[in-house]
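Structural features, examined
What follows is the residue order along each chain.
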Amino acid sequence: MQYDYVAIRDSEIPAASAEEFQHVVHTYVSETNKTASMWKAVPEDLIDFRPHEKTNTIRTIFKHQLLSERRFFFEFVGLDEPAVETLLPTSDDASRDDYVERYIGFARLRIPQLAAAQKGWWMEEQEFFGYRRQRIWTFWRRVLHTCHHRTQIQSWLRLAGAKVPTIYGPSGD
């Protein structure tokens, strides 16, 4: 599949220390690329678009994604993460690219940590909203959560009449 925008190339993906978890590293890079591609498709004049007064704006979804990924990976998976106060752009009118650059930058910090993890680490249980879950379970939960927010933005773009990029195959565009 050829994408309009690729933030992290396959050649940049490190080998996993635990070979059976290589798919985790590849999937995280792939989902990061798909999400960054969707974010890059947001025209600047639509960053504060929302299809209904009860829904979040695209900018709010960007912010939530940055904050919630950090929480998942720090609190529930146990990765080293930047301080919360460094996650969001400092300007209230930050551009789409400000959010995209942060998103990709934080992903680049996680990739070597995911690749270095051993099988025992992945299988270890951690606290997850009052339950005990294996790190690998929490990782996949994070991937699903990211897909959900990417699909929100895709839907908002469609409702606004904007072009929607290819993600899992040709789009209707």
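Our subject in this report is the structure included herewith. The model shown is predicted, which means the values in this text are computed figures rather than measured ones.

Details of the overall build of the chain
If you tally the helices and strands in the chain, you get five helices and two strands. Ordered by position from the N terminus, the helices and strands of the chain form the series α-α-α-α-β-β-α. The C-alpha radius of gyration computed for the chain amounts to 16 Å, which stays within 12% of the reference 16 Å derived for 173 residues, consistent with globular compactness. Along the first, second and third principal axes, the C-alpha atoms of the chain reach 45 × 35 × 25 Å. Evaluated residue by residue, the chain yields a buried proportion of 46% over its 173 residues. Contacts spanning at least 24 positions in sequence make up 70% of the contacts within the chain whose residues lie at least 6 apart.

Concerning the environment of Ile136
Note that Ile136 resides in helix H5 (residues 135-160). Look at Ile136 and you get buried, because its relative accessible area is 12%. For the pair Ile136 and Phe21, spaced 115 residues apart in sequence, the C-alpha to C-alpha distance is 9.3 Å. Apart from the residues lying within four places of it in its own chain, the contact partners of Ile136 are Phe21, Val24, Trp122 and Met123.

Thoughts on the packing of helix H1 (residues 22-40) against helix H3 (residues 96-116)
Relative orientation of the contacting elements H1 and H3 amounts to 180°, with a least axis distance of 10 Å. Classified by the angle their axes make, H1 and H3 are roughly antiparallel. When H1 is examined against H3, the residues Val25, Tyr28, Val29, Glu31, Thr32, Thr35, Ala36, Trp39 and Lys40 are found in contact with a partner set consisting of Arg96, Asp97, Tyr99, Val100, Tyr103, Ile104, Ala107, Arg110, Ile111, Leu114 and Ala115. Taken together, the residues of the contact of H1 with H3 break down into 13 nonpolar, two polar and five charged.

Concerning the packing of aromatic side chains
Applying the stated criterion across every chain, the model contains 15 aromatic pairs. Relative to Phe129, the ring of Phe76 lies with its centre 4.8 Å away and its plane at 50°, an arrangement referred to as tilted. Taken together, the residues span a long stretch of sequence, with Phe76 in helix H2 (residues 58-77) and Phe129 in the loop between strand E1 (125-128) and strand E2 (131-134) at a distance of 53 residues. With a relative accessible area of 3%, Phe76 lands in the buried category.

Details of H5
The end-to-end C-alpha distance of H5, which contains 26 residues, comes to 38 Å, matching closely the 38 Å that a straight helix rising 1.5 Å per residue would cover. Positive backbone phi, approximately 80°, marks Gly161, located one or two places after H5.

Focus: the pattern of salt bridges
Summed over all chains, the structure comprises 11 salt bridges. The partner of Glu69 in a salt bridge is Arg110, and the shortest N-O contact between them spans 2.8 Å. With Glu69 in helix H2 and Arg110 in helix H3, this pair connects stretches of sequence that are 41 residues apart. The burial state of Glu69 is the same as that of Arg110; both residues are buried. Across the pair Arg135 and Glu124 runs a salt bridge whose closest N-O atoms are separated by 2.9 Å. On the criterion of sequence distance, the pair formed by Arg135 in helix H5 and Glu124 in the loop between helix H4 (119-123) and E1 is long-range, its members being 11 residues apart. With a relative accessible area of 40%, Glu124 lands in the partly exposed category.

Conventions and cut-offs
Residues numbered from 1 in each chain as written. Predicted model: local features only at pLDDT ≥ 70, side-chain atom pairs only at ≥ 80, totals over all residues. Heavy atoms only, no water. Helix = DSSP H or I, 4+ residues; strand = E, 2+ residues; numbered from the N terminus. Rg over C-alpha atoms; globule rule 2.2 N^0.38 Å. Buried < 20%, exposed > 50% of the residue type's maximum accessible area, 1.4 Å probe, protein only. Contact = heavy atoms within 4.5 Å. Axes fitted to C-alpha atoms, helices over the stretch in contact; angles between N-to-C directions. Parallel < 35°, antiparallel > 145°, perpendicular 65-115°, else oblique. Nonpolar A, V, L, I, M, F, W, Y, C, P; charged D, E, K, R; others polar. Phe/Tyr/Trp six-rings, centres within 6.5 Å; stacked < 30°, edge-to-face > 60°. Expected span 1.5 Å × (residues − 1). Salt bridge = Lys/Arg side-chain N within 4 Å of Asp/Glu carboxyl O.

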